[in-house]
Amino acid sequence: AAGNETDVQLARRRLCREQRIAQRDLRTLDPDLGLGTESLSVLVRNGRVIFSMSDPSLAIKALVCPHAVYLFRPPEDRGQEAAFTRLVDELSHAIREEPGADLEDEGRASDDEQGAGDGTDSG
């Protein structure tokens with residue numbers, strides 16, 4: 001159903017393979033590079049949109065696919081968890097309320113050393 005939120009541990013390599021994007025594309029748009037300033041970067045690859053944005057309170061990276069949105073959880077040592085959780089809740093609510101929304105899943109992902117962690121998958 002549209003607007004469903006799921007937390008899963010997902011390896012970066014697997015996510016990239018399944019979504020047909022290069023791992024370097026996820027690294028290229030690192031919101032930490034603009035941490036403390038306002039910045040926005042967008043990259044389009046194979047029908048997917050990878051974007052990162054940051055302001056002084058939150059740096060996020062997302063992968064938007066035809067049937068899922070992957071939000072990468074900021075590292076725990078940044079103190080951004082509350083802002084990130086609010087963002088996910090607001091997006092999830094907006095998707096559920098949007099008539100005709102065709103996203104099957106929406107959720108969070110952590111961008112850890114091992115992979116793209118806590119992501120969502122459309123099934």
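Parameters at a glance
Residues numbered from 1 in each chain as written. Predicted model: local features only at pLDDT ≥ 70, side-chain atom pairs only at ≥ 80, totals over all residues. Heavy atoms only, no water. Helix = DSSP H or I, 4+ residues; strand = E, 2+ residues; numbered from the N terminus. pLDDT = per-residue confidence, 0-100. Contact = heavy atoms within 4.5 Å. Phe/Tyr/Trp six-rings, centres within 6.5 Å; stacked < 30°, edge-to-face > 60°. Lys NZ or Arg CZ within 6 Å of the ring centre and 35° of its normal. Patch = residues over 30% accessible without salt bridge, like charges linked within 9 Å, V, L, I, M, F, W, Y side chains within 5 Å. Areas by Shrake-Rupley, 256 points an atom, 1.4 Å probe, with all protein chains shown as cover. Salt bridge = Lys/Arg side-chain N within 4 Å of Asp/Glu carboxyl O. Buried < 20%, exposed > 50% of the residue type's maximum accessible area, 1.4 Å probe, protein only.

**A look at unusual backbone geometry**
Working step 1: Of note in the backbone geometry, arginine 20 takes a positive phi value of approximately 55° without being a glycine.
Working step 2: Secondary-structure assignment places arginine 20 in the loop between α1 (12-19) and α2 (23-28).
Working step 3: Even without a glycine there, the phi angle at asparagine 46 is positive, about 50°.
Working step 4: Along the chain, asparagine 46 falls in the loop between β1 (39-45) and β2 (48-55).

**What about the confidence of the model for the chain?**
Reading predicted coordinates in detail is not appropriate for stretches of low pLDDT.
Working step 1: Considering every residue of the chain, the mean pLDDT works out to 74; 72% of them sit at 70 or more.
Working step 2: Ranking the elements of the chain by mean pLDDT puts strand β5 (residues 105-110) last with 45 and α1 first with 90.
Working step 3: Across residues 101-123 the pLDDT falls below 50, and counting only partners more than four positions away or on other chains, this stretch makes 112 contacts in the model.

**A short note on the packing of aromatic side chains**
Working step 1: Applying the stated rule across the entire model yields zero aromatic pairs.
Working step 2: Over the face of the ring belonging to phenylalanine 72 we find lysine 61, whose NZ or CZ atom lies 5.6 Å from the ring centre.

**Let's talk about a nonpolar patch on the surface**
Working step 1: Nonpolar side chains collect at one region of the surface, where Leu40, Val42, Val44 and Met53 lie side by side and expose about 390 Å² of accessible area between them.
Working step 2: Per element, the largest residue contribution to the nonpolar patch is three residues, and it comes from β1.
Working step 3: For methionine 53, the position within the fold is in strand β2.
Working step 4: Note on methionine 53: relative accessible area 38%, which makes it partly exposed.

**Brief notes about the environment of alanine 82**
Working step 1: Relative to the helices and strands, alanine 82 is located in helix α3 (residues 81-97).
Working step 2: Its relative accessible area of 51% is what places alanine 82 among the exposed residues.
Working step 3: Along the chain, alanine 82 and leucine 58 lie 24 residues apart, while their C-alpha atoms are 9.7 Å from each other.

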